[in-house]
Structures are given as structure tokens and as C-alpha cells.
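Okay, here's what each chain looks like letter by letter:
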Amino acid sequence: MFHSAAQADPGSKRGCAERWLADTAWMPDAADLTVDHLYRALDFLAVWTDEIEQAVFLRTADLFRLDVDLIFYDTTTAYFEIDQADEVEQEWAGRLFAPLRRRGHSKEGRDHQPQVIIAMAVTRDGMPVRSWVLPGDTADVSTVAKIKADLHAWRLGRCLFVGDAGMYSADNLAALSKGLGRYILAVPMRKLRAVEGDVLTRPGRYRKVADNLQVKEVWVGEGERRKRYVLCLNPEEAERQRHHREQALASLTAELGILAESDTEHPKAACALLTSRRYGRYLTEDAAGRPQLDQSKVAAAAKFDGKFVVITNDETLSAEDVALGYKGGWIIESCFRRMKQTGLEVRPMFHWTPRRIEAHVKLCVLALQMQRAAEIACGMPWAQIAHAVSALKAVRYQTEGRGIVQRTKVSPDVSEILRKLGISTPKRLLSLGEPAKTKAAA
């Protein structure tokens, strides 16, 4: 196989068979490959996906000596342009596939459309460990026990599970703690009285971790029931939120002044203010049912400025390490952005059977693993690697009645990339005597 990295753009399976294989890549061994072969490969992947993912990751982890002590986990959604949700299970090759395209809370703002949940665990290096495709109505909080069991089955050793507030629940904390499991989870601050009453108000000085991060450790409870929280403060974000609130209050004060001058008993404008997402949190009603500014609500809102809280059961980590471990969650967000926005294009998906939807997602995750492996080996972003290697092409032409396939010149930059990737430089003359079918292929 020989092709230009610039042409490794995502496309449909039919597009690969009709355009990419035929005109874009020089692959003599794939001359007889058809779109049906690609679809059958999806079915094979659907059946053996767990074994393939495990083999690929363990080989990658060994090759790059990846740190698997810290595992980040999160979910995203991928919607479908269809009207009816899936209702029936399907069996394939002895495996039962649940109906996947279901309506649920969409992270893309598409609650009215059926979707699937894509879950992924990655290392601190941004290397995908394992992925899951779940029905679209699956709640984040209900996925943790299965994910932990699946990761434990791979015997990765001591893993610290890092998740966002959507994973927080008493059941999940118990599930993650089993078998001496360790976790760092964000806490939904406004929903837990213990956080607002005991953590945010606990006296003590913050310790500076970085220019935009300060931490304070807080223990709540006694004995075996005590919980370890780390209160984190971003001063820059706190100032931004304070400034935003001052602007909102200034505008709200003006609106209340206009209402006070109104002769109407209870105008519609009053209802609009009370139900407003921007102003309602700062208001209460007087005896006449008219809105008025509640200074206690303003003070309560200020307590959250620039703060977030994480909980952990790992007493070996310092408060600084706990905060930095959770902040590293941007890594998995970056992975999801890649799959959706920067080239891998997990959607749109035109498959409708559960096995092929799952296989399609797994292909995208495998492609992400390949990109991250190349980035780690070369020490440069994938876009830069792809741009450099795009200059390396295979050209078909005819001379003296014979078809010839010959590669272009290999620049020093490309030669170094190939060396770091462990790929042999293609020989100059790739084929001699082959009939010319197209004028050029990259």
C-alpha cells in the first residue's frame, strides 16, 4: 500500500471503493477489493471489536510505554437524521445488539433526534484505551459500573478513574471504590448541600498550583464515612464571572426601576424577569407578587465564582495532584473534537443496523489511535505530519509503451517522519510494465 497522507480524508465505505482505491491510492493488493468487502469487514469488526481494541491498545501501550495509571472517561453523542427511534434488538453472529438509535439528552442540542452515546477512556497521553457505543437514552451516571468492569478485565493495573460531574452518584462512588479502585470525580456543586454548606464555606487558605489554579483540601464527615474534597479556584474565571454578574445586576436594576414606575398591577414584564435565565436567579417576589432583588441570592451566587470541586478516595495524592489530574480531562474533550470536527468525522452515519453503527464508531476510534501513535512517535501534531507526507506521491505514466509507477522525491523532513514511524522509505520504482489506467494517483 502506498498513498499520500493528504488523501487519507474520511469518506463513506462506498466512496473508498469507488474513489479512493480506484484513483487516489496505489494498492496493487487491493485491486479486486469491492464495497461489499468493506461492509463485510465492518461485520467482522463488530464481532471481534473487544479483542481487536485490546490487542491494539496493549501493543501501543508497550511500544510507547504509556502511563495507564490515569484513565480519563467521558461520553458524547452522535445524532441521526431520522424520524423513528430503534425499538428491536438484533442478533448477529451469536451476539445480541441492543437498539442503539434512541432519543435522549443530546450534547449537541439535538434532543428531538435519535442518537447514540459514544463513551471513551483515554490515557493522560490522549491515547484511546477502549470505547463503547451505547443506546442514545443511556444516562452518563448509569455507565460507570460497566466501564470499570470492562477496564478491569484488561488487567491494566492501578487505574485512577477521572470523570466529570455527570458521573457523580452515590452508587458510582461505591462501584468505583470496589476492589481498591481509585477515582477523581467532579462534584455537581449546586446540587449537593454538603458542598455548598461545608466545602465552599470552610475556612483556610488556598495553595497556588498555577497562575490560573489554586486549591484547598476539605475533609467532610468522620471515620469511614468521611469524604475528601478538593476545592479549586480559578481567579481569572472568578473575575470574569463577577464582572458578568455586575453587568447583569446593573441591567436588572434598570428593569426593576421601570416596573416600579408602571401603573399596572402585575405586568407581563414582571413575569418575564422572574422566569428569565439571566435575572431570575437574583429575584424574589414581594407581598404583591412583584419581583424584587434578593441580596442573599446575589451573595449565594458569588460563592461559586471561579470554583469547582472534585472528590477523590485516593489519599496518596496531594491536593495539587488531584486538581491537575482532573484538569487533564481536556485531553478526552480534545479526542471527541477530533472525532467530530477535525477530520475523522464520526458522523454523519448512514448505517442503520446496530452492528455496523458500532463498527463505524470503532473504526473512527482506531483511526484516532493511529493519529495519536504517529504524534507521539514524531513529536508533532497530526496535521503537520499529514501536510509533510502529502508531498510523497506515486505517479503513473507511460513511456516507450510501458506503464510505470514511480514515487516522487523524498524530502529530508519526510524521511525523518518515516524513520520515526518505523516505515521503510518506498523504493523509487514501484512498478514497471503495468498498463496505465489513470494518469496519476497520489
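Everything below is about the structure shown above.
Heads up: these notes are all about the structure in this document. (Residues numbered from 1 in each chain as written. Predicted model: local features only at pLDDT ≥ 70, side-chain atom pairs only at ≥ 80, totals over all residues. Heavy atoms only, no water.)

A short note on the side chain of S131
Filter applied, for reference: Strands are runs of DSSP state E lasting at least two residues, helices are runs of H or I lasting at least four, and both sets are numbered from the N terminus onward. Throughout this description, a polar contact denotes any pair of N or O atoms lying within 3.5 Å of each other; where both atoms belong to protein, one of them has to be capable of donating a hydrogen while the other can accept it, and for residues adjacent in sequence the pair is counted only when both atoms sit in side chains. Only heavy atoms enter the contact rule, under which two residues are in contact if any of them lie within 4.5 Å.
Along the polypeptide, S131 turns up in strand 5 (residues 128-135). In this structure the side chain of S131 is engaged in a polar contact, spanning 2.6 Å, whose partner is the side chain of E53. Discounting chain neighbours no more than four positions away, the residues touching S131 are E53, A119, M120, K362 and V365.

Quick word on the packing of helix 11 (residues 354-378) against helix 13 (residues 412-421)
Applied cut-off: To get an axis, fit a line to the C-alpha atoms, keeping to the stretch in contact for a helix; angles then go from 0 to 180 degrees between the N-to-C directions. Small angles under 35 degrees read as roughly parallel and large ones over 145 as roughly antiparallel, with 65 to 115 read as roughly perpendicular and the rest as oblique.
Here helix 11 crosses helix 13 at 110 degrees, and the two axes come no closer than 9 Å. On the basis of the axis angle, helix 11 is roughly perpendicular to helix 13. Mapping the contact onto sequence places A374, A377 and C378 in helix 11 and I417, K420 and L421 in helix 13.

Description of the sheet that holds strand 5
Here is the rule we go by: DSSP bridges decide pairing: two strands pair if at least two such bridges lie between them.
Pairing within the open sheet is mixed, and its nine strands lie in the order 5-4-1-6-7-13-10-9-8. Two strands in the sheet have a free side with no partner beyond their single neighbour: strand 5 and strand 8 (207-210). Neighbouring strand axes in the sheet, compared pairwise and without regard to direction, differ in orientation by 25 degrees on average. Strand direction decides the pairing type here: strand 6 (residues 160-163) and strand 7 (residues 182-186), joined by four bridges, are parallel. Paired with L160 across the two strands is R182, which belongs to strand 7. Along the sheet face, helix 2 (residues 35-64) touches strand 4 (115-123) and strand 5 and points at about 160 degrees away from the line of strand 5. Sheet strands in contact with helix 4 (residues 170-177) are strand 6, strand 7 and strand 13 (307-312), and its direction is about 155 degrees off that of strand 7.

Regarding the pairing of strand 7
Moving residue by residue along a regular strand, the side chains alternate between the two faces of the sheet. Operational definition: The buried label applies to any residue whose accessible area, calculated with a 1.4 Å probe on protein chains only, is under 20% of its type's maximum; exposed applies above 50%, and partly exposed to all values in between.
Burial within strand 7 is extensive, with five of its five residues counted as buried. On strand 7, burial covers both faces: R182, I184 and A186 on one face and Y183 and L185 on the other are all buried. Of the pairings in the sheet, the one linking strand 7 to strand 13 comprises three bridges and is antiparallel in character. Paired with I184 across the two strands is T312, which belongs to strand 13.

Examining the side chain of T123
Considering the arrangement of structural elements, one finds T123 in strand 4. The contact partners of T123, leaving out residues within four places of it in the chain, are F57, D67, V68, L70, F72, V129 and I331.

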